[in-house]
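# Summary of the model geometry
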Amino acid sequence: MAQLDIRGLAAGYGATPVLRNLSAGPLAEGAVTAMLGPNGSGKSTLLKTLAGLNPPTRGELLLDGEDLARATPARRAERAMYMPQALPRGVHMTVFESVLVAARSGSRGAAGNDMQQAALSAIADLGIAALASRYLDELSGGQKQLASLAQALVRRPRLLLLDEPLSALDLNYQFHVMDVLRRQTRRHRLITLVVLHDLNIALRHADHALLLHGGAIETEGLPARVVTPDTLRRVYGVRARVERCPQGQAQVHVDGLAGA
Ligand SMILES: Nc1ncnc2c1ncn2[C@@H]1O[C@H](COP(=O)(O)OP(=O)(O)OP(=O)(O)O)[C@@H](O)[C@H]1O
């Protein structure tokens, strides 16, 4: 079955449980799923568990029917690519070299020229061709984030896990990156999960949304069905409206804190 199914997942840190009996999906291939929820609700923990960095204490993570929780690290690395919230520092490599290394680590026997071409086109897709020969440790925060996205996308994993990939990006790049993510997810039939705090971006660009609250899924479905005044009050504690702008796009307007 071509999809990701999360069933009865429990995970945490040492004796501290974070995710409790969490089930979500099926998340379809070719779809971008926005992972939403307040600070500390368990979004990064869920991504890290999917990436194999934080083994679950219970449950199944079925990717195309295969349980990732029981896969070897090598098999998981082949199938899933995880981009953390905090990017590695002090890597003295050019953007092009870093994307080429990522392309090689994900390739299955592709020729050298093909990988160079793939690296160049991942860099061009993200609109950072001008940065190709710059060193990663000399880039701005947003530029580094774009280079990391190029490294993630060039791998073309089955499961793409991105933790707040827009956090350092300006308005133009936020839109552009979500557009690239959607196109690549469709074209290469990826299953993409992206942690977002901007609900309007989720409404505008995601195909599906998961809303976490206290380590469990509060609700899941089409973004416009997940992001509602009711869920915003219950989960984020705000009074908000979700209204369509004149162009028809749903947008969140926060009027104040719930109870204020
Ligand atoms: N390494 C860790 N050790 C112990 N507890 C942790 C660790 N990392 C996270 N936690 C706890 O797990 C809970 C969920 O954290 P997580 O990082 O998954 O939340 P999040 O939804 O990604 O939050 P944010 O939006 O702030 O990034 C929090 O209560 C947090 O304090």
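What comes next is a walk through the structure. Numbers given for residues are sequential positions, taken from 1 along each chain in its written order. Local features are withheld for residues below a pLDDT of 70 in this predicted model, meaning they are given only at 70 or higher, and side-chain atom pairs are given and counted only at 80 or more; totals for whole chains, interfaces and linings count all residues. Excluding hydrogens and water, the side-chain figures rest on all heavy atoms present in the structure.

### Brief notes about the overall build of the protein chain
Across its full length, the protein chain holds nine helices and 12 strands. The C-alpha atoms of the protein chain give 18 Å as radius of gyration, which agrees with the globular expectation for 260 residues (18 Å, within 12%). Seen through its C-alpha atoms, the protein chain measures out along the principal axes to roughly 60 × 45 × 35 Å. Only protein chains enter the accessibility calculation, which uses a 1.4 Å probe; a residue is then buried when its area is under 20% of its type maximum, exposed when over 50%, and partly exposed in between. Here the protein chain, with 260 residues, has 49% of them falling under the buried criterion. Here the contacts in the protein chain between residues at least 6 apart in sequence split such that 64% fall between residues at least 24 apart. Summed over all atoms, the accessible surface of the protein chain reaches about 12,200 Å², with 50% contributed by carbon and sulfur. In the protein chain, 29 side chains carry a positive charge and 23 a negative one; their mean positions are 2 Å apart. Where helices and strands are cited, they refer to DSSP runs of H or I of at least four residues and of E of at least two residues respectively, numbered from the N terminus. The globule rule used for comparison is 2.2 Å times the number of residues to the exponent 0.38, while the radius of gyration itself is calculated over C-alpha atoms. Any two residues having at least one pair of non-hydrogen atoms within 4.5 Å are treated as being in contact. Note on areas: Shrake-Rupley with a 1.4 Å probe; residue coverage comes only from the protein chains shown. Positive: Lys, Arg. Negative: Asp, Glu. His and the chain ends are not part of the count. The atom standing in for a charge is NZ when the residue is Lys, CZ when it is Arg, CG when it is Asp and CD when it is Glu.

### Regarding the site of the ligand
Taken together, 13 residues are adjacent to the ligand, and Gly40, Gly42, Lys43, Ser44 and Thr45 come closest. In protein, a polar contact requires one atom able to donate a hydrogen and another able to accept it; more generally it is a pair of N or O atoms within 3.5 Å, and residues adjacent in sequence count only if both atoms are side-chain atoms. Here an oxygen atom of the ligand sits 3.0 Å away from a polar atom, N or O, in the side chain of asparagine 39. Lysine 43 places a side-chain nitrogen or oxygen 2.7 Å from an oxygen atom of the ligand. When isolated, the ligand has an accessible area of 640 Å², and the protein chains bury 59% of it. Tallying contributions element by element places helix H1 (residues 43-51) first for the shell around the ligand, with three residues. Here the residues of the shell around the ligand sort into three nonpolar, eight polar and two charged. When at least one non-hydrogen atom of a residue lies within 4 Å of a molecule or strand, that residue is treated as near it. Amino acid classes used here: Ala, Val, Leu, Ile, Met, Phe, Trp, Tyr, Cys and Pro are nonpolar; Asp, Glu, Lys and Arg are charged; the rest, including Gly, are polar.

### Quick look at helix H5 (residues 141-154)
An expected span of 1.5 Å times one less than the residue number is assigned to each helix. Compared with the 20 Å implied by 1.5 Å per residue over 14 residues, the 20 Å span of H5 between its first and last C-alpha is a close match. Backbone geometry just downstream of H5 places arginine 156 in the positive-phi region, at approximately 45°.

### Here we look at the sheet that holds strand E8 (residues 191-195)
One open sheet accounts for six strands, arranged E6-E7-E8-E3-E9-E10; its pairing is mixed. Both edges of this open sheet fall to strand E6 (80-83) and strand E10 (216-221), since each of them pairs with a single strand only. Here the average twist between neighbouring strands, direction ignored, is 15°. For two strands to pair, DSSP has to find at least two bridges joining them. Of the pairings in the sheet, the one linking E6 to strand E7 (residues 159-163) comprises four bridges and is parallel in character. Bridged to methionine 83 within E7 is leucine 162. Fitted lines through C-alpha atoms serve as axes, helices being fitted only where they are in contact, and the angles separating the N-to-C directions of these axes extend from 0 to 180 degrees.

### A closer look at the nonpolar core
Core analysis: the largest hydrophobic core is formed by 54 residues, its most contacted members being Leu36, Val95 and Leu196. No other element matches H5, which puts seven residues into this core. Domain delimitation in this document rests on an assignment produced automatically or drawn from a domain database. Per-domain counts for this core show at least three residues from each of domain 1 (3-227) and domain 2 (230-260). Setting aside residues no more than four positions away along its own chain, leucine 36 makes contact with Lys43, Leu196, Leu199, Ala202, Ala209, Leu210, Leu211, Leu212, Val227 and Tyr236. To form a nonpolar core, buried Ala, Val, Leu, Ile, Met, Phe, Trp, Tyr and Cys residues must be joined to one another through side-chain atoms within 4.5 Å. Core analysis: the second largest hydrophobic core is formed by 26 residues, Met35, Leu47, Leu193 and Leu210 among them.

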